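# Coordinates in review
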Amino acid sequence: NLRALTSWVGIARLSAIVLSCLAFSLVASTGLFMGPYGTWCMFTWCFCFTVTLLVLLLELLELYPLLPLSWDDFTAAFSMLAALMVFTSSVVYPATFISSPCSSSQCARQAVASTASCLCFLAYAVEVSLTRAKPGDISSFLSTVPGLLKVFEAYVACLIFSLLDAYSGEPGLMWCVAVYSICFIFTLLIIIFTIGRCLTYIPCPLEKVLVGYNFLALLMYLTATILWPLYSFRGQSRPNSCGRDCSWNKHLGITFLTIFNLIAYLVDLVYSTRMVF
């Protein structure tokens, strides 16, 4: 199936493969990717390169119908996840490893790798826009706006978990962590069941279940949006020496990520309600 390579979606995937390979190759040649941030960026580029290459080969050889999953849902969810992961790496890597002034050849390779990562994000964003379901087309749930938002919500929850450090002993903060965990688990189950074609076994109207879940998740995140900054910054100001791993900065990041997920669940609820009613 040569259309897997010649269509606009195929060209976007080919571009993502080349750019992600260029990014991790240049970073690997510098040897500067130690620590959790560098490891995350390298994993992102290698993971996206490998899975995108596998997707392209399966479509080229027309082997994907043999897989026991919903192929359209899988590719839609992966392209959205890859776009989010590469975008995060495009921000984290240069902010962490590129220092000013940038004059050495090593720094030039880091800058080119960061540029390739940004272009790779654009390639995945183009794929998401090309494969997104048109209004009225619900053959693939994860390619609709509510489906793509499910991937976004789960990914933001993962970012929140990566920033959590000290929250025990405060009932308000422990409630917020419970909100993040419960919503993440249910959202992830919806994604997995959709890809695995298991949603048809649910003995109740799926669309109305999703509306109800989105409404409850929105209420829970609303409480977390209020309680997390209230308990995290109560009686505390930003320390003068607040470095990369400063708890105050992490709590601030969680505050903004909570707001992002609150907005995502609100938009998700609006779109899901429109799809049902």
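Worth saying up front: this structure is predicted, and the values here are computed from it rather than measured.

What counts, and where the lines are drawn
Residues numbered from 1 in each chain as written. Predicted model: local features only at pLDDT ≥ 70, side-chain atom pairs only at ≥ 80, totals over all residues. Heavy atoms only, no water. Helix = DSSP H or I, 4+ residues; strand = E, 2+ residues; numbered from the N terminus. Rg over C-alpha atoms; globule rule 2.2 N^0.38 Å. Buried < 20%, exposed > 50% of the residue type's maximum accessible area, 1.4 Å probe, protein only. Contact = heavy atoms within 4.5 Å. Areas by Shrake-Rupley, 256 points an atom, 1.4 Å probe, with all protein chains shown as cover. Lys, Arg positive; Asp, Glu negative; His and termini not counted. Charge placed at Lys NZ, Arg CZ, Asp CG, Glu CD. Polar contact = N/O pair within 3.5 Å; in protein donor to acceptor, adjacent residues only side chain to side chain. Phe/Tyr/Trp six-rings, centres within 6.5 Å; stacked < 30°, edge-to-face > 60°. Lys NZ or Arg CZ within 6 Å of the ring centre and 35° of its normal.

### What to know about the overall build of the chain
The helix and strand tally for the chain stands at 9 helices and 0 strands. Helices (α) and strands (β) of the chain occur, in sequence order from the N terminus, as α-α-α-α-α-α-α-α-α. Relative to a compact globule of 277 residues, whose C-alpha radius of gyration would be 19 Å, the chain shows 20 Å and is just as compact. Of all 277 residues assigned to the chain, the portion counted as buried reaches 44%. In the chain, of all internal contacts separated by at least 6 residues, the share reaching a separation of at least 24 is 78%. A total of about 14,300 Å² of accessible surface is found on the chain, and carbon and sulfur atoms cover 72% of it. In the chain, which carries 13 positive and 12 negative side-chain charges, the distance between the mean positions of the two groups comes to 6 Å.

### Details of the side chain of S89
Relative to the helices and strands, S89 is located in helix α4 (residues 71–97). We classify S89 as buried; its relative accessible area is 0%. One polar contact links S89 to T44, side chain to side chain, over a distance of 3.3 Å. For S89, the residues in contact, after removing those within four places along its chain, are W40, C41, T44, W45, P94 and S117.

### Things to note about the environment of N1
As for its position among the elements, N1 is in the segment before α1 (3–6). The partly exposed category is assigned to N1, whose relative accessible area is 39%. Separated by 60 residues in the primary sequence, N1 and L61 place their C-alpha atoms 6.4 Å from one another. The residues touching N1, leaving out its near neighbours within four places in the chain, are E59, L60 and E62.

### Here we look at the packing of aromatic side chains
Under the defined criterion, the tally for this structure stands at 16 aromatic pairs. With centroids separated by 6.2 Å and ring planes inclined at 40°, the aromatic side chains of W40 and F43 adopt a geometry described as tilted. Residue W40 and its partner F43 are located together in helix α3 (residues 35–60), separated by 3 residues, close to a single helical turn. The interplanar angle of 45° and the centroid separation of 5.7 Å between the aromatic rings of Y180 and Y221 together place this pair among those described as tilted. Residue Y180 is found in helix α7 (residues 171–195), and its partner Y221 is found in helix α8 (residues 206–232); the two are separated by 41 residues along the sequence. Overall, the relative accessible area of 0% leaves Y180 in the buried class. Members of the aromatic cluster, connected to one another through ring pairs, are Y180, F186, Y213, Y221, W228 and Y265. R274 extends its terminal NZ or CZ atom over the ring of Y271, reaching a point 5.7 Å from the ring centre.

Just distances and angles here, no functional claims.
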